[in-house]
Amino acid sequence: MTPLLWGAAALTALLVVIPAALAWSFSQRMTARRRPDPPTHPTDYGLPYEEVAFPARDGIPLRGWFIPAAQARGTVVFCHGHAGSMDPDLRYAPWFHQAGFSVLMFDLRGHGRSGGERVSMGTLEREDLLGAMDYLAGRGIARVGVLGFSMGGAVALLTAPLDERVAAVATDGAFVRLEETLVGWAREAAGLPRWLARPLARAVRYATALRLGVRLQDPIHWIGQLAPRPVLLIHGDCDPYISVEAVEALYAAAGEPKELWRVPQAGHRQVDQHCPEAYRSRVVGFFEQHL
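What counts, and at which threshold
Residues numbered from 1 in each chain as written. Predicted model: local features only at pLDDT ≥ 70, side-chain atom pairs only at ≥ 80, totals over all residues. Heavy atoms only, no water. Salt bridge = Lys/Arg side-chain N within 4 Å of Asp/Glu carboxyl O. Helix = DSSP H or I, 4+ residues; strand = E, 2+ residues; numbered from the N terminus. Buried < 20%, exposed > 50% of the residue type's maximum accessible area, 1.4 Å probe, protein only. Pairing = 2+ DSSP bridges. Axes fitted to C-alpha atoms, helices over the stretch in contact; angles between N-to-C directions. Contact = heavy atoms within 4.5 Å. Parallel < 35°, antiparallel > 145°, perpendicular 65-115°, else oblique. Nonpolar A, V, L, I, M, F, W, Y, C, P; charged D, E, K, R; others polar.

## Quick word on the pattern of salt bridges
Okay, so step 1: By the definition in use, this model includes 17 salt bridges.
Okay, so step 2: Across the pair arginine 91 and aspartate 272 runs a salt bridge, and its minimum N-O distance is 3.4 Å. One end of the pair, arginine 91, is in the loop between β3 (74-79) and α2 (93-98); the other, aspartate 272, is in helix α8 (residues 271-274), and 181 residues separate them in sequence.
Okay, so step 3: The salt bridge involving arginine 229 is made with glutamate 164; its shortest N-O contact spans 3.8 Å. Placement of the pair is arginine 229 in the loop between α6 (194-212) and β7 (231-236) and glutamate 164 in the loop between α4 (151-159) and β6 (166-172), with a sequence separation of 65 residues.
Okay, so step 4: In this structure arginine 229 comes out as buried when scored by relative accessible area, which is 9%.
Okay, so step 5: Through salt bridges with shared partners, a single ionic network connects Arg57, Asp134, Asp163 and Arg165.

Encoded structure:
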């Protein structure tokens, strides 16, 4: 091989092969099954509960807890975030139980106690939330609220337009466009400059869609279909993964009735740490008003 051909091959590796390999590697990390968070249990909070199991719409086995309220005024489904499991979100369940709501919480596919080996950042997880709705319908519960955290917020916004049984949606730290969130992750976790993080994020999204065989969805393209059902968006302005401009665009794309609560000093999913009493009042009050 001539020096010119060697140079061309090296340039091809630099511009194509190496970035593609990086994107495939990051995609593998993002979609791999997650290690559970430290376990918690409803009895830690003195809550009544039932261990439940049901299939996602596409058959993935899911497991969780149903926390019943006596003479329940409604039911709220929790959707946890990427990585870990449902366990940390159990701390919110007593608020709803005390307000007269039953709670269903479960591990999404590829997380915790549930089955599945791949995580899709919301697209396939729609099948999980639809399976939860079917499970509740089997218990005679046909109208629910959904509270989604981070990726779980995206799951809620992507799923609610598909099922009229979802009467109200509240999200905390839901991403708006997956690619933008991946840019934030590359900058925050890997320390990459924006000029490099953006093409890498685009390549990771493409690699993930190829790996999973699905077209990945963004909440901003779905939220407008939720109206006239209400939506509450909670955002910390210091969130490194979701910009203020992005969440404002998400809010603008939503129909009425809608609420946006921004907290300037909070990071990703930190609003409850900065404003604990206001957070409880606002989130529980939203479902008291709309369920």
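Further notes follow.
## Some remarks on the sheet that holds strand β1 (residues 50-55)
Okay, so step 1: One open sheet accounts for eight strands, arranged β1-β2-β4-β3-β5-β6-β7-β8; its pairing is mixed. The open sheet is flanked by β1 and β8 (258-263), the only strands paired with a single partner. Adjacent strand axes in the sheet meet at a mean angle of 20° when their direction is disregarded.
Okay, so step 2: Relative to strand β5 (residues 144-149), β3 runs parallel, the two sharing four bridges. Among the inter-strand pairings, phenylalanine 78 is bridged to a residue of β5, identified as leucine 147.
Okay, so step 3: In the packing of helix α7 (residues 244-253) onto the sheet, contacts are made with β7 and β8, and the angle to β8 comes to roughly 165°.

## As for the packing of helix α3 (residues 125-138) against α4
Okay, so step 1: Two numbers describe how α3 lies on α4: the axes approach to 9 Å, and their chain directions differ by 70°. The pairing of α3 with α4 is recorded here as roughly perpendicular in orientation. Between α3 and α4, the residues in contact are Glu125, Arg126, Leu129 and Leu130 and Met151, Val155, Ala156, Leu158 and Thr159, respectively.
Okay, so step 2: In terms of residue class, the contact of α3 with α4 is built from six nonpolar, one polar and two charged.

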